[in-house]
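# Per-entry structural report
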Amino acid sequence: MDTFGRVARDLRVSLTDRCNLRCEYCMPPEGFDWLPTAEVLSDAEVVRLVTVAVEHLGIREVRFTGGEPLLRKGLEDIVAATTALRTDTGEVPETSLTTNGLGLERRAAGLAAAGLHRVNISLDSLDRETYATLVRRDRLPDVLAGIDASEAAGLTPVKINSVLMRGLNDAEAPDLLAFALRRGFELRFIEQMPLGPPEMWKRGEMVTAGEILATLRRRFTLTPHDPGERGAAPAERWTVEPTEDTPGGTVGVIASVTQPFCGACDRTRLTADGQVRTCLFSRTETDLRGLVRSGASDAEIAETWRVAMWGKKAGHGIDDPGFLQPQRPMSAIGG
(Lines give C-alpha, C1' and ligand atoms only; values in the text may rest on other atoms or scores of the structure.)
Protein backbone atom coordinates (compact mmCIF):
# COMPACT_ATOMS: atom_id res chain seq x y z
CA MET A 1 0.00 0.00 0.00
CA ASP A 2 1.05 3.58 -0.56
CA THR A 3 0.18 6.75 1.32
CA PHE A 4 -2.72 7.43 -1.08
CA GLY A 5 -4.41 4.11 -0.27
CA ARG A 6 -3.55 2.35 -3.52
CA VAL A 7 -2.70 -1.34 -3.17
CA ALA A 8 -0.30 -2.90 -5.65
CA ARG A 9 -1.76 -6.15 -6.98
CA ASP A 10 -0.08 -6.13 -10.40
CA LEU A 11 3.65 -6.80 -10.81
CA ARG A 12 5.45 -5.98 -14.07
CA VAL A 13 8.75 -7.86 -14.37
CA SER A 14 11.32 -6.90 -17.00
CA LEU A 15 13.40 -9.94 -17.96
CA THR A 16 15.90 -8.13 -20.19
CA ASP A 17 16.60 -4.65 -21.48
CA ARG A 18 17.60 -6.08 -24.88
CA CYS A 19 15.33 -6.01 -27.90
CA ASN A 20 15.50 -7.28 -31.48
CA LEU A 21 13.50 -4.35 -32.88
CA ARG A 22 14.35 -0.65 -32.93
CA CYS A 23 10.93 1.01 -32.71
CA GLU A 24 11.10 4.74 -33.41
CA TYR A 25 9.21 5.63 -30.23
CA CYS A 26 11.38 3.41 -28.05
CA MET A 27 15.06 3.52 -29.04
CA PRO A 28 17.57 4.87 -31.54
CA PRO A 29 18.60 2.83 -34.62
CA GLU A 30 21.80 1.64 -32.95
CA GLY A 31 20.02 0.56 -29.78
CA PHE A 32 21.36 1.27 -26.29
CA ASP A 33 24.27 0.03 -24.21
CA TRP A 34 22.75 -3.15 -22.78
CA LEU A 35 23.14 -4.20 -19.16
CA PRO A 36 26.13 -6.47 -18.49
CA THR A 37 24.97 -10.05 -17.96
CA ALA A 38 26.30 -10.09 -14.39
CA GLU A 39 23.96 -7.23 -13.46
CA VAL A 40 20.83 -8.95 -14.77
CA LEU A 41 18.86 -11.10 -12.36
CA SER A 42 19.33 -14.83 -12.86
CA ASP A 43 16.29 -17.03 -13.45
CA ALA A 44 16.41 -18.17 -9.83
CA GLU A 45 16.61 -14.58 -8.58
CA VAL A 46 13.64 -13.53 -10.71
CA VAL A 47 11.60 -16.45 -9.37
CA ARG A 48 12.56 -15.64 -5.80
CA LEU A 49 11.47 -12.01 -6.08
CA VAL A 50 8.22 -12.95 -7.81
CA THR A 51 7.61 -15.45 -5.01
CA VAL A 52 8.17 -12.79 -2.37
CA ALA A 53 5.77 -10.48 -4.20
CA VAL A 54 3.03 -13.10 -4.43
CA GLU A 55 3.44 -14.84 -1.07
CA HIS A 56 4.37 -11.87 1.13
CA LEU A 57 3.03 -8.77 -0.61
CA GLY A 58 -0.34 -9.73 -2.07
CA ILE A 59 0.50 -9.62 -5.78
CA ARG A 60 -2.16 -11.36 -7.88
CA GLU A 61 -1.10 -10.56 -11.45
CA VAL A 62 2.37 -10.95 -12.99
CA ARG A 63 3.25 -9.56 -16.41
CA PHE A 64 6.63 -10.39 -17.94
CA THR A 65 8.05 -7.66 -20.15
CA GLY A 66 11.33 -6.37 -21.53
CA GLY A 67 13.02 -5.18 -23.69
CA GLU A 68 11.82 -8.28 -25.46
CA PRO A 69 11.12 -11.09 -22.95
CA LEU A 70 11.28 -13.80 -25.62
CA LEU A 71 15.04 -13.17 -25.71
CA ARG A 72 15.17 -14.74 -22.23
CA LYS A 73 16.11 -18.40 -22.71
CA GLY A 74 14.68 -19.45 -19.35
CA LEU A 75 11.30 -17.78 -19.91
CA GLU A 76 9.28 -21.01 -19.89
CA ASP A 77 10.87 -22.10 -16.60
CA ILE A 78 10.20 -18.70 -15.02
CA VAL A 79 6.57 -18.85 -16.15
CA ALA A 80 6.14 -22.38 -14.80
CA ALA A 81 7.56 -21.37 -11.42
CA THR A 82 5.24 -18.36 -11.30
CA THR A 83 2.10 -20.33 -12.12
CA ALA A 84 3.02 -22.88 -9.44
CA LEU A 85 2.53 -20.13 -6.82
CA ARG A 86 -0.74 -19.29 -5.11
CA THR A 87 -2.00 -15.82 -4.26
CA ASP A 88 -3.54 -14.65 -1.01
CA THR A 89 -6.90 -15.75 -2.44
CA GLY A 90 -5.61 -19.24 -3.20
CA GLU A 91 -5.59 -18.69 -6.95
CA VAL A 92 -2.83 -19.04 -9.56
CA PRO A 93 -1.37 -15.60 -10.30
CA GLU A 94 -2.75 -14.28 -13.57
CA THR A 95 0.41 -14.56 -15.68
CA SER A 96 0.87 -12.80 -19.01
CA LEU A 97 3.52 -11.62 -21.43
CA THR A 98 4.04 -8.40 -23.38
CA THR A 99 6.04 -9.11 -26.53
CA ASN A 100 6.83 -7.83 -30.00
CA GLY A 101 5.95 -11.30 -31.29
CA LEU A 102 9.28 -12.22 -32.88
CA GLY A 103 9.93 -15.88 -32.10
CA LEU A 104 6.50 -16.39 -30.60
CA GLU A 105 5.53 -18.78 -33.38
CA ARG A 106 8.10 -21.27 -32.04
CA ARG A 107 7.43 -20.75 -28.33
CA ALA A 108 3.71 -20.12 -27.92
CA ALA A 109 2.82 -23.77 -27.32
CA GLY A 110 5.63 -24.22 -24.77
CA LEU A 111 4.64 -21.06 -22.92
CA ALA A 112 1.03 -22.23 -22.78
CA ALA A 113 2.19 -25.58 -21.42
CA ALA A 114 4.19 -23.73 -18.74
CA GLY A 115 0.96 -22.06 -17.60
CA LEU A 116 1.08 -18.67 -19.33
CA HIS A 117 -2.46 -17.31 -19.53
CA ARG A 118 -2.32 -14.75 -22.32
CA VAL A 119 -0.18 -12.41 -24.41
CA ASN A 120 -0.11 -8.74 -25.39
CA ILE A 121 1.52 -8.37 -28.80
CA SER A 122 2.78 -5.10 -30.29
CA LEU A 123 1.53 -4.44 -33.82
CA ASP A 124 1.75 -0.87 -35.07
CA SER A 125 0.94 -1.41 -38.75
CA LEU A 126 -0.52 -3.99 -41.12
CA ASP A 127 1.44 -2.56 -44.03
CA ARG A 128 4.78 -4.28 -44.38
CA GLU A 129 6.66 -1.20 -45.57
CA THR A 130 5.20 1.04 -42.87
CA TYR A 131 5.90 -1.59 -40.22
CA ALA A 132 9.52 -1.83 -41.34
CA THR A 133 9.85 1.95 -41.19
CA LEU A 134 8.45 2.12 -37.65
CA VAL A 135 10.50 -0.71 -36.14
CA ARG A 136 13.50 -0.51 -38.52
CA ARG A 137 13.21 -4.23 -39.28
CA ASP A 138 11.26 -6.06 -42.02
CA ARG A 139 9.58 -8.55 -39.67
CA LEU A 140 5.81 -8.11 -40.06
CA PRO A 141 5.22 -11.69 -41.35
CA ASP A 142 6.97 -13.08 -38.27
CA VAL A 143 4.77 -11.02 -35.94
CA LEU A 144 1.60 -12.15 -37.69
CA ALA A 145 2.79 -15.77 -37.44
CA GLY A 146 3.35 -15.26 -33.72
CA ILE A 147 -0.17 -13.90 -33.33
CA ASP A 148 -1.58 -16.96 -35.11
CA ALA A 149 0.47 -19.30 -32.94
CA SER A 150 -0.69 -17.58 -29.74
CA GLU A 151 -4.32 -18.00 -30.71
CA ALA A 152 -3.75 -21.64 -31.64
CA ALA A 153 -2.03 -22.28 -28.29
CA GLY A 154 -4.94 -20.83 -26.35
CA LEU A 155 -3.08 -17.77 -25.06
CA THR A 156 -6.30 -15.81 -25.12
CA PRO A 157 -7.72 -13.27 -25.11
CA VAL A 158 -4.97 -12.07 -27.43
CA LYS A 159 -4.48 -8.34 -26.97
CA ILE A 160 -2.87 -6.15 -29.59
CA ASN A 161 -0.98 -3.00 -28.58
CA SER A 162 -0.54 -0.19 -31.11
CA VAL A 163 1.29 3.11 -30.83
CA LEU A 164 0.34 5.66 -33.47
CA MET A 165 2.95 8.07 -34.84
CA ARG A 166 1.81 11.19 -36.63
CA GLY A 167 2.43 11.01 -40.36
CA LEU A 168 3.53 7.38 -40.23
CA ASN A 169 0.71 5.08 -39.14
CA ASP A 170 -1.95 7.30 -37.55
CA ALA A 171 -4.28 6.87 -40.55
CA GLU A 172 -4.20 3.10 -40.03
CA ALA A 173 -6.20 3.13 -36.80
CA PRO A 174 -9.49 1.95 -38.40
CA ASP A 175 -7.73 -0.82 -40.37
CA LEU A 176 -5.98 -2.06 -37.23
CA LEU A 177 -9.30 -2.13 -35.40
CA ALA A 178 -11.02 -3.98 -38.26
CA PHE A 179 -8.23 -6.58 -38.21
CA ALA A 180 -8.62 -7.09 -34.47
CA LEU A 181 -12.42 -7.32 -34.63
CA ARG A 182 -12.36 -9.91 -37.40
CA ARG A 183 -9.93 -12.04 -35.39
CA GLY A 184 -11.70 -11.61 -32.06
CA PHE A 185 -8.73 -9.78 -30.51
CA GLU A 186 -8.84 -6.73 -28.24
CA LEU A 187 -6.92 -3.80 -29.66
CA ARG A 188 -5.48 -1.16 -27.36
CA PHE A 189 -4.10 2.08 -28.71
CA ILE A 190 -1.41 3.60 -26.50
CA GLU A 191 -0.48 7.26 -26.51
CA GLN A 192 3.23 7.71 -27.19
CA MET A 193 4.96 8.36 -23.87
CA PRO A 194 8.24 10.15 -23.07
CA LEU A 195 10.15 6.93 -22.45
CA GLY A 196 12.34 6.63 -25.54
CA PRO A 197 15.07 8.88 -26.94
CA PRO A 198 14.25 12.37 -25.57
CA GLU A 199 14.31 13.93 -29.04
CA MET A 200 11.60 11.48 -30.23
CA TRP A 201 8.82 12.81 -27.96
CA LYS A 202 7.18 16.18 -28.42
CA ARG A 203 3.81 16.55 -26.78
CA GLY A 204 2.47 18.72 -29.58
CA GLU A 205 3.24 16.00 -32.15
CA MET A 206 1.82 13.11 -30.14
CA VAL A 207 -1.35 11.45 -31.47
CA THR A 208 -3.79 11.92 -28.60
CA ALA A 209 -6.58 9.66 -27.38
CA GLY A 210 -9.11 12.22 -28.62
CA GLU A 211 -7.65 12.13 -32.11
CA ILE A 212 -7.57 8.33 -32.12
CA LEU A 213 -11.24 8.11 -31.15
CA ALA A 214 -12.23 10.76 -33.71
CA THR A 215 -10.50 8.75 -36.45
CA LEU A 216 -12.17 5.50 -35.38
CA ARG A 217 -15.61 7.11 -35.26
CA ARG A 218 -15.42 7.95 -38.95
CA ARG A 219 -15.84 4.23 -39.60
CA PHE A 220 -17.21 2.71 -36.38
CA THR A 221 -19.86 3.43 -33.78
CA LEU A 222 -18.31 3.44 -30.30
CA THR A 223 -20.14 3.30 -26.98
CA PRO A 224 -18.10 3.93 -23.80
CA HIS A 225 -18.09 1.28 -21.11
CA ASP A 226 -19.33 2.14 -17.65
CA PRO A 227 -16.40 3.96 -15.95
CA GLY A 228 -17.12 1.96 -12.80
CA GLU A 229 -16.08 -1.23 -14.59
CA ARG A 230 -12.57 0.04 -15.32
CA GLY A 231 -11.05 -0.39 -11.87
CA ALA A 232 -7.26 -0.20 -12.09
CA ALA A 233 -7.10 -1.15 -15.78
CA PRO A 234 -4.98 1.31 -17.78
CA ALA A 235 -7.24 1.22 -20.85
CA GLU A 236 -10.51 3.08 -21.15
CA ARG A 237 -12.73 0.78 -23.23
CA TRP A 238 -15.48 1.20 -25.82
CA THR A 239 -17.93 -1.27 -27.33
CA VAL A 240 -17.62 -1.30 -31.11
CA GLU A 241 -20.88 -1.90 -32.96
CA PRO A 242 -20.75 -4.41 -35.85
CA THR A 243 -20.66 -3.15 -39.43
CA GLU A 244 -21.37 -4.85 -42.75
CA ASP A 245 -17.84 -6.22 -42.93
CA THR A 246 -16.71 -6.47 -39.29
CA PRO A 247 -18.20 -8.06 -36.18
CA GLY A 248 -18.61 -6.07 -33.01
CA GLY A 249 -16.13 -6.10 -30.17
CA THR A 250 -14.15 -3.92 -27.82
CA VAL A 251 -11.38 -1.38 -28.25
CA GLY A 252 -9.30 0.31 -25.58
CA VAL A 253 -7.24 3.48 -25.42
CA ILE A 254 -4.46 3.99 -22.90
CA ALA A 255 -4.22 7.75 -22.54
CA SER A 256 -1.32 7.92 -20.11
CA VAL A 257 -0.45 11.49 -21.13
CA THR A 258 -3.73 13.29 -21.80
CA GLN A 259 -5.99 11.38 -19.38
CA PRO A 260 -3.71 9.87 -16.71
CA PHE A 261 -5.14 7.16 -14.48
CA CYS A 262 -2.58 7.41 -11.68
CA GLY A 263 -5.23 7.59 -8.96
CA ALA A 264 -6.21 3.96 -9.57
CA CYS A 265 -2.75 2.58 -10.38
CA ASP A 266 -2.16 -0.84 -8.81
CA ARG A 267 1.25 -1.62 -10.33
CA THR A 268 4.72 -2.18 -8.97
CA ARG A 269 7.65 -2.78 -11.28
CA LEU A 270 10.84 -4.81 -11.17
CA THR A 271 13.61 -4.07 -13.65
CA ALA A 272 15.84 -6.70 -15.22
CA ASP A 273 18.63 -5.74 -12.81
CA GLY A 274 16.44 -6.08 -9.73
CA GLN A 275 15.34 -2.52 -9.01
CA VAL A 276 11.86 -1.67 -7.74
CA ARG A 277 10.17 1.19 -9.56
CA THR A 278 6.92 2.58 -8.20
CA CYS A 279 6.01 4.23 -11.53
CA LEU A 280 7.09 4.09 -15.17
CA PHE A 281 8.19 7.71 -14.84
CA SER A 282 9.93 7.43 -11.49
CA ARG A 283 13.42 8.89 -11.24
CA THR A 284 14.30 6.81 -8.17
CA GLU A 285 14.67 3.07 -7.66
CA THR A 286 15.09 0.67 -4.75
CA ASP A 287 17.68 -2.08 -5.04
CA LEU A 288 16.47 -5.63 -4.34
CA ARG A 289 19.24 -7.39 -6.28
CA GLY A 290 21.78 -6.32 -3.67
CA LEU A 291 19.59 -7.71 -0.89
CA VAL A 292 19.14 -11.03 -2.70
CA ARG A 293 22.85 -11.41 -3.37
CA SER A 294 23.86 -10.41 0.15
CA GLY A 295 21.76 -13.14 1.75
CA ALA A 296 18.75 -11.13 2.95
CA SER A 297 15.71 -13.08 4.09
CA ASP A 298 12.39 -13.02 2.25
CA ALA A 299 10.95 -10.95 5.10
CA GLU A 300 13.72 -8.35 4.75
CA ILE A 301 13.20 -8.15 1.00
CA ALA A 302 9.45 -7.81 1.45
CA GLU A 303 9.84 -5.01 4.00
CA THR A 304 12.19 -3.07 1.72
CA TRP A 305 9.67 -3.45 -1.09
CA ARG A 306 6.85 -2.24 1.17
CA VAL A 307 8.79 0.86 2.15
CA ALA A 308 9.53 1.64 -1.50
CA MET A 309 5.87 1.42 -2.45
CA TRP A 310 4.79 3.48 0.57
CA GLY A 311 6.65 6.40 -0.99
CA LYS A 312 4.90 6.18 -4.36
CA LYS A 313 3.93 9.63 -5.65
CA ALA A 314 0.37 10.67 -6.42
CA GLY A 315 1.01 10.82 -10.16
CA HIS A 316 3.61 10.71 -12.90
CA GLY A 317 3.80 14.50 -13.21
CA ILE A 318 4.04 14.77 -16.99
CA ASP A 319 2.06 18.01 -16.81
CA ASP A 320 4.27 19.50 -14.11
CA PRO A 321 6.53 22.34 -15.33
CA GLY A 322 9.53 20.61 -13.76
CA PHE A 323 8.86 17.17 -15.28
CA LEU A 324 11.99 15.30 -16.27
CA GLN A 325 12.00 12.17 -18.38
CA PRO A 326 13.27 9.08 -16.51
CA GLN A 327 16.97 8.37 -16.91
CA ARG A 328 16.14 4.88 -18.16
CA PRO A 329 14.27 4.27 -21.42
CA MET A 330 11.23 2.01 -21.64
CA SER A 331 13.31 -0.95 -22.79
CA ALA A 332 15.27 -0.84 -19.54
CA ILE A 333 12.27 -0.19 -17.27
CA GLY A 334 9.84 -2.76 -18.59
CA GLY A 335 6.33 -1.95 -19.84
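Conventions adopted
Along each chain, residues carry numbers from 1 onward, in the same order as the chain's sequence is written. Local features in this predicted model are restricted to residues whose pLDDT is 70 or higher, and side-chain atom pairs enter the listing and the counts only when it is 80 or higher, whereas totals over whole chains, interfaces and linings include all residues. Only heavy atoms go into the side-chain values, all of them from the structure, while hydrogens and water stay out. A run of H or I in DSSP becomes a helix once it reaches four residues, and a run of E becomes a strand once it reaches two; helices and strands are each numbered from the N terminus. UniProt positions are given in the numbering used here, feature names are shortened, and annotations may be inferred rather than shown by experiment. Only protein chains enter the accessibility calculation, which uses a 1.4 Å probe; a residue whose area is less than 20% of its type maximum is buried, one above 50% is exposed, and one in between is partly exposed. Paired strands, as defined in this entry, are two strands with at least two bridges between them according to DSSP. Structural elements are reduced to axes, namely lines fitted to C-alpha atoms, with helices fitted over the stretch in contact, and the angle between N-to-C directions of any two is expressed from 0 to 180 degrees. When an angle is under 35 degrees it counts as roughly parallel; over 145 it counts as roughly antiparallel; between 65 and 115 it counts as roughly perpendicular; any other value is oblique. Throughout, a crossing is termed right-handed when the near helix is turned clockwise from the far one, and left-handed when it is turned anticlockwise from it by less than a right angle. Any pair of residues with heavy atoms lying within 4.5 Å of one another is described as a contacting pair. Three classes are used, and their members are as follows: Ala, Val, Leu, Ile, Met, Phe, Trp, Tyr, Cys and Pro are nonpolar, Asp, Glu, Lys and Arg are charged, and the others, Gly among them, are polar.

## Some words on the environment of Leu-126
Positionally, Leu-126 belongs in the loop between strand E4 (118-122) and helix H4 (128-135). With 190 residues separating them along the chain, Leu-126 and His-316 place their C-alpha atoms 32 Å apart.

## A few points about the UniProt feature "binding site: S-adenosyl-L-methionine" (unreviewed entry) in the protein chain
Per the UniProt record, the feature "binding site: S-adenosyl-L-methionine" (unreviewed entry) sits at Tyr-25, Gly-67, Ser-122 and Met-193. With respect to the helices, strands and loops of the structure, Tyr-25 is situated in the loop between strand E1 (10-14) and helix H1 (43-57). Under the relative-accessibility criterion, Tyr-25 is labelled buried at 15%. Within the secondary structure layout, Ser-122 lies in strand E4.

## Remarks on the pairing of strand E9 (residues 249-254)
Of all the 6 residues making up E9, 5 are buried; the element is thus mostly covered by neighbouring parts of the structure. The pairing of strand E6 (residues 186-190) with E9 spans 4 bridges and is classified as parallel. Paired with Leu-187 across the two strands is Val-251, which belongs to E9.

## Some words on the packing of H1 against helix H2 (residues 75-83)
Axis angle and axis distance: for two packed helices, these are the angle between their axes and the distance between the axes, and together they describe the pair. Running from N to C, H1 and H2 cross one another at 25°; their axes reach a closest spacing of 10 Å. When the axis of H1 is compared with that of H2, the two are roughly parallel. Taken as a pair, H1 and H2 cross one another with a handedness that is right-handed. Of H2, the residues touching H1 (which contributes Asp-43, Val-46, Val-47 and Val-50) are Ile-78, Ala-81 and Thr-82. Among the residues forming the contact of H1 with H2, the class breakdown is 5 nonpolar, 1 polar and 1 charged.

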